[in-house]
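What follows is each chain in one-letter form.
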Amino acid sequence: MPEAIPSKSGSRGTARGVAETLRFLRALVARPSQVGAILPSGQALARLITSGVEPGVGVIELGPGTGVFTRALLARGVRERDLTLIESDPLFGRALRGA
């Protein structure tokens with residue numbers, strides 16, 4: 001599943017960043033009890049939180065949402081085959097798969 005997520009990070013001002021924010025807000029409004037935040041996480045937070053993850057380890061990401069943490073893990077050198085993404089929201093799931 002992670003191969004659909006671009007490994008290059010863009011800023012919130014990019015078209016992808018705007019699309020991700022809108023996707024996040026739609027999911028939050030539609031299913032507020034299933035979305036784990038009130039705002040989407042940014043790249044700086046994702047880099048900070050993933051900074052202790054070393055390449056070569058398996059990572060299970062529960063609720064990858066817009067994929068910001070997934071992209072940060074890939075940028076750190078974690079291989080796609082070492083990532084397991086578990087997403088219950090169909091809107092986020094389709095976006096993560098690139099559908």
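Computed from a predicted model, the values in this text were never measured in an experiment.

**Some remarks on the side chain of Asp 89**
When you line up the elements, Asp 89 lands in the loop between strand 2 (83–86) and helix 4 (90–97). Residue class for Asp 89 comes out buried when judged on its relative accessible area of 4%. Only 2.8 Å separates the side chain of Asp 89 from the backbone nitrogen of Leu 91, close enough to count as a polar contact. Among the polar contacts listed, one links the side chain of Asp 89 to the backbone nitrogen of Phe 92, at a separation of 3.1 Å. Setting aside residues no more than four positions away along its own chain, Asp 89 makes contact with Ala 27 and Arg 31.

**Observations concerning the pairing of strand 1 (residues 59–62)**
Of the two faces of strand 1, the one lined by Val 59 and Glu 61 is fully buried and the one lined by Ile 60 and Leu 62 carries no buried residue. Note that strand 1 and strand 2 share four bridges and pair parallel. Among the inter-strand pairings, Leu 62 is bridged to a residue of strand 2, identified as Ile 86. Handedness of the strand 1-helix 3 (residues 68–75)-strand 2 crossover: right-handed.

**Some details on a nonpolar patch on the surface**
Residues Val 18, Leu 22 and Leu 25 make up a contiguous nonpolar surface patch of about 240 Å² in total accessible area. With respect to the element layout, Val 18 can be found in helix 1 (residues 15–30).

**Description of the pattern of salt bridges**
Per the counting criterion, the structure on display carries four salt bridges. Put simply, Glu 20 and Arg 71 hold a salt bridge, and the shortest N to O gap is 3.0 Å. With Glu 20 in helix 1 and Arg 71 in helix 3, this pair connects stretches of sequence that are 51 residues apart. With relative accessibility at 7%, the residue Glu 20 sits in the buried group. Accessibility expressed as a relative area gives 5% for Arg 71, which makes it buried. Here Arg 76 makes a salt bridge to Glu 54, at a shortest N to O gap of 3.7 Å. With Arg 76 in the loop between helix 3 and strand 2 and Glu 54 in the loop between helix 2 (43–50) and strand 1, this residue pair connects regions lying 22 residues apart in the sequence. Given the relative accessible area of 31%, Arg 76 is considered partly exposed.

The rules behind these values
Residues numbered from 1 in each chain as written. Predicted model: local features only at pLDDT ≥ 70, side-chain atom pairs only at ≥ 80, totals over all residues. Heavy atoms only, no water. Helix = DSSP H or I, 4+ residues; strand = E, 2+ residues; numbered from the N terminus. Buried < 20%, exposed > 50% of the residue type's maximum accessible area, 1.4 Å probe, protein only. Polar contact = N/O pair within 3.5 Å; in protein donor to acceptor, adjacent residues only side chain to side chain. Contact = heavy atoms within 4.5 Å. Pairing = 2+ DSSP bridges. Right-handed = clockwise from strand over helix to strand, strands pointing away. Patch = residues over 30% accessible without salt bridge, like charges linked within 9 Å, V, L, I, M, F, W, Y side chains within 5 Å. Areas by Shrake-Rupley, 256 points an atom, 1.4 Å probe, with all protein chains shown as cover. Salt bridge = Lys/Arg side-chain N within 4 Å of Asp/Glu carboxyl O.

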